Amino acid sequence: MKFLLALWSVFYNIPISISQTTQNINVLLINEENNALAEKSFEVAKEYIRRNPSLGLTVDPVIVVGNRSDAKAFLENVCRKYNDMLSSKKMPHVVLDFTMTGVGSETIKSFTAALALPTISGSFGQVGDLRQWRSLTSNQTKYLLQIMPPADILPESIRAIVIKQDITNAAIIFDEFFVMDHKYKSLLQNIPTRHVITPVKSFSKDEIKTQLRSLRELDIVNFFIVGSLRTIKNVLDAANENQYFGRKTAWFALSLDKGDIGCGCKDATIVYMRPTPDVKSRDRLGKIKTTYSMNGEPEITSAFYFDLSLRTFLAIKSLLDSGKWPNDMKYINCDDYDGKNTPNRTLDLKTAFQEVKETPTYAPFYIPEDDPMNGRSFMEFNTDLTAVTIKDGASIGSRILGSWKAGLQNPLSLTDPENMSDYSAQLVYRIVTVEQKPFIIRDDDAPKGFKGYCVDLIEEIRQIVKFDYEITLSPDGNFGTMDENGNWNGIIKELIEKRADIGLTSLSVMAERENVVDFTVPYYDLVGITILMKLPMTPTSLFKFLTVLENDVWLSILAAYFFTSFLMWVFDRWSPYSYQNNREKYKDDEEKREFTLKECLWFCMTSLTPQGGGEAPKNLSGRLLAATWWLFGFIIIASYTANLAAFLTVSRLDTPIESLDDLSKQYKIQYAPLNGSSAMTYFERMANIEVKFYEIWKEMSLNDSLSDVERAKLAVWDYPVSDKYSKMWQAMKEAGLPNSIEEAIERVRASKSSSEGFAWLGDATDVRYHVLTSCDMQMVGDEFSRKPYAIAVQQGSPLKDQFNNAILQLLNKRKLEKLKENWWNNNPDAIKCEKQDDQSDGISIQNIGGVFIVIFMGIGLACVTLGVEYWWYKWRRRPTIGDVTQVEPAKSVRNNVDIKQGDRFTFRSRNLGLVNLKPKY
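Let us look at the structure shown here. Just so you know, these numbers come straight off a predicted model, no measurement behind them.

## Comments concerning the environment of Phe74
With respect to the helices and strands, Phe74 occurs in helix α3 (residues 71–87). On the basis of relative accessibility, which here comes to 2%, the residue Phe74 falls in the buried class. Sequence separation between Phe74 and Asn31 is 43 residues; the distance between their C-alpha atoms is 10.0 Å. In this structure, Phe74 is in contact with Ile30, Asn31, Val64, Val65, Gly66, Asn67, Thr99, Gly104 and Ile108, ignoring residues within four places of it in sequence.

Okay, here's the thing in structure tokens:
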């Protein structure tokens, strides 16, 4: 009759009203033992159908409950119930699979896929997580459907938080209401976050405290608690007793429960996320809860299973009403299945499920249009994100931060993005260091208590990586060396034992260190070992020209000068042939010089100068004495000049220490590296290698099994390998290795000279800094055993890659060059030293300046003498003259001057009537 009415309607275009018939739907409900809430929601949906006959359907369920861990018994029970349905001609229209996870759930997936039973599943799992439904055909994806429950989608908000907060480490703790097995890999995939996903091991506070301590020892500071409000409270109470609240840690709580979180925390702030029903669904949710007693908790989970059941019923009814349900639906029982006889279905349950128009009870289902549903469909609920502050066990307020819409890749929607940063753990890394100027300098006024090149470097890295840090000194003050038993000390030990996150100082990259810690790319050039010695101080003296001859020589020369001058005066006074005793004989000579005692002193003095002494005595005895004095002066001046040149050159003839080889070949200067330093390790190992080579050579040479020819090839007069380092290491041990840089510097400064004392072998940067900040030391020789400086981190730490990226960025921006400029060329502690006088550029004023002092003294003495002469002449020896109008000194008149013996001056009167004017003196 319906068929005829339909034809009538088509041909004559007459609408026909057909009364709605009630469809009976057979449902096979499969559930787990610990998922009673799902079964209760199913019963509510069945009751809803019963009370609303306008929907035109009835539900006839067969319920199977099994244990997820006992897959065999579970499957046997399901097959028995299914076979009973087939035997009673109650073919199941649909299978509602409420299993959650595990082998039991996978068994049900295998059962439904093998027998081609239309199935709606509420199991946990994203794309590819349902292994038995992983390789479905296109037809199978239309009737084997999965919708992820809210407990499977809520943890996805962790991904959004981690991305927003740029979290680098996280611990995710969950309880039995959530399944996280399939999320170990997928939850934070492709995000550089070191994370641990672990279930709450117990409800015992002590066990939770132990669990939190073990997580904290992994350097995790961001904690996510995913579970019921009870679980959240237990974990927060344990964290409070462990004192894990503060700026160094961040706590996030995610729950499907209604209500506020609470704990006995003294002072804690927790970011709390919980779902809220859609505005359009709140009235319906309240009606379903009151009318149909849907009071199961969590509320969202009850609503999910209710909507899933109801939409499944309506989708099956739609297929039946529309005639899209196959009339020849073929079913086989479990016993008939042989692995190859799976029925072929063309049923499109997905479209029917998607087209159901029933109002959602909590939030709508998201179902992709083109892609398969499995692993991509879920309830698209909203969550509120609030910051809850608890003091002394009571909540004192909450702050709305934003919201998150359920999804697999959805970001957070924040009211104020800046506020969210206040609730993230300040990433505080523990830096261990050794004070080493200018890389690390202790400064109580600095923000972190230290300053220097490395502090500026870590500040630059911090701007890129975003973290905070605390700096502490290495307990034993060492960089890190390994003893004979393989045990480490210093910075390396702190990193190995995870008491520090970063080793920051002038730390050299060494092979054995790389075996136990990780190093970043070098932040500094290759740095080798070099020598620090006392700077040779060339003595200077303004009267250095006087030190050429010894004092007794100067006294002897002075005595010879006075004695010779005295003898010359005596000879001139008593010789009958001298000028003063025989004036008539020499009256026609141009040079008339009377050798008084004053003239003798002047003659002997000027005879030693290039000016010469002037006219020699007239008498032969005087001339012989003058010639003797000239010869004496010539010899003295020649000797003085030669010795002066040699004296000023002798300092340049000293052979200085210019290399490690020079240092090793002498014995006056002791030398040693710092105890426990990389330099000490270098020399110790080089010495051990030489000893080892010697043992090998000796063993070969004394081997009795060698033939004469082989022995002849090894026969040498000398040991063929150098033993330089063995001797140096022995000398170092005898000299004593300084235990600190300060001790080494004191020993260098205490050296008597640059050729006797102590030399320190250390890193070139340390040596260069002390030369830069002092004027009494020098760096000697080229660098050797060069190694780069780098930052050390724990082995396997993600900081290595993060710091590598930051250092390379700083290198490209030339920031590292600027740091070198600041701490070397522009170092505030640098001292500008005076240039040492090495006479390589000539004689300095410090050594010859006494000559100028002699000149100024002579000038001063001459000025004083002039004053005395003027005073003596004007006030003591003024002549008394009668009527004198003008008196002039007589001009020299050769051959016409009458000189009387004893006269000193001769005056000549001019137009004055005075014939002879006899002077008073």
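From this point on, the discussion continues.
## Here's the deal with the pairing of strand β14 (residues 394–405)
By the bridge criterion, 10 bridges tie strand β13 (residues 382–391) to β14 in an arrangement that is antiparallel. Each residue of the ladder has a partner; that of Lys391, found in β14, is Ala394. The turn linking β13 back onto β14 is made up of 2 residues, and Asp392 within it adopts a positive phi angle of 50 degrees. The antiparallel pairing of β14 with strand β15 (residues 412–414) creates a hairpin that spans 6 residues between the two strands.

## Some details on the side chain of Glu106
Here Glu106 shows up in helix α4 (residues 102–115). Despite its burial, Glu106 pairs with no opposite charge, the nearest such side chain being Arg131 at 4.7 Å. Of the polar contacts made by the side chain of Glu106, one reaches the backbone nitrogen of Arg131; its length is 3.3 Å. Among all residues touching Glu106, those that are not within four sequence positions of it are Asp129, Leu130, Arg131 and Gln132.

## Observations regarding the sheet that holds strand β26 (residues 792–794)
Spatially, β19-β16-β20-β26-β21 is the arrangement adopted by the 5 strands of the open sheet, whose pairing is mixed. Both edges of this open sheet fall to β19 (468–473) and β21 (517–519), since each of them pairs with a single strand only. Both strand β16 (residues 428–433) and β19 contribute to a ladder of 6 bridges, which runs parallel. Within β19, the position partnered with Tyr429 by the bridge is Tyr469. On the sheet, helix α14 (residues 453–465) packs against β16 and β19 and is oriented at approximately 160 degrees with respect to β19.

## A few points about the nonpolar core
In terms of nonpolar packing, the biggest core is built from 150 residues, with Phe111, Phe224, Phe313, Ile461 and Tyr523 touching the most fellow members. Among the elements that line this core, the one with the most residues is helix α11 (residues 299–321), at 12 residues. Once residues within four sequence positions are removed from consideration, Tyr523 is found in contact with Phe439, Tyr453, Cys454, Leu457, Thr505, Ser506, Leu507, Tyr789, Ala790, Ile791, Ile807 and Leu816. Residues Leu660, Leu674, Ala679 and Ala687 belong to the second largest nonpolar core, which totals 33 residues.

## Describing the side chain of Lys289
Structurally, Lys289 is set in helix α10 (residues 282–291). Once residues lying within four places of it in the same chain are set aside, the contact partners of Lys289 are Lys258, Met294, Asn295 and Glu299.

## Describing the sheet that holds strand β2 (residues 57–66)
Ordered in space as β2-β1-β3-β4-β5, the 5 strands form an open sheet in which the pairing is parallel. Only two strands of the sheet have a single partner each, and these edge strands are β2 and β5 (144–146). Sheet twist, expressed as the mean angle between neighbouring strand axes with direction ignored, is 20 degrees. Relative to β5, strand β4 (residues 119–121) runs parallel, the two being bridged by 3 bridges. For Thr119, the partnering residue across the bridge sits in β5 and is Leu144.

## Description of the pattern of salt bridges
Counted by the stated rule, this structure contains 39 salt bridges. In this structure, Glu47 engages Arg51 in a salt bridge whose closest nitrogen and oxygen atoms are separated by 2.8 Å. Placement of both Glu47 and Arg51 in helix α2 (residues 36–51) is noted, with a separation of 4 residues, approximately one turn of the helix. Classification of Glu47 as partly exposed rests on a relative accessible area of 22%. The partner of Arg284 in a salt bridge is Glu358, and the shortest N-O contact between them spans 3.2 Å. A residue pair is termed long-range when its members are at least 10 positions apart, and Arg284 in helix α10 and Glu358 in the loop between α12 (349–354) and β11 (365–366) qualify at 74 residues. An identical accessibility class is assigned to Arg284 and Glu358; each is buried. Here the salt bridges share partners, and the residues they tie into one network are Arg247, Lys448, Glu459, Arg462 and Asp468.

Definitions and limits used
- Residues numbered from 1 in each chain as written.
- Predicted model: local features only at pLDDT ≥ 70, side-chain atom pairs only at ≥ 80, totals over all residues.
- Heavy atoms only, no water.
- Helix = DSSP H or I, 4+ residues; strand = E, 2+ residues; numbered from the N terminus.
- Buried < 20%, exposed > 50% of the residue type's maximum accessible area, 1.4 Å probe, protein only.
- Contact = heavy atoms within 4.5 Å.
- Pairing = 2+ DSSP bridges.
- Lys, Arg positive; Asp, Glu negative; His and termini not counted.
- Salt bridge = Lys/Arg side-chain N within 4 Å of Asp/Glu carboxyl O.
- Polar contact = N/O pair within 3.5 Å; in protein donor to acceptor, adjacent residues only side chain to side chain.
- Axes fitted to C-alpha atoms, helices over the stretch in contact; angles between N-to-C directions.
- Core = buried A, V, L, I, M, F, W, Y, C linked by side-chain atoms within 4.5 Å.

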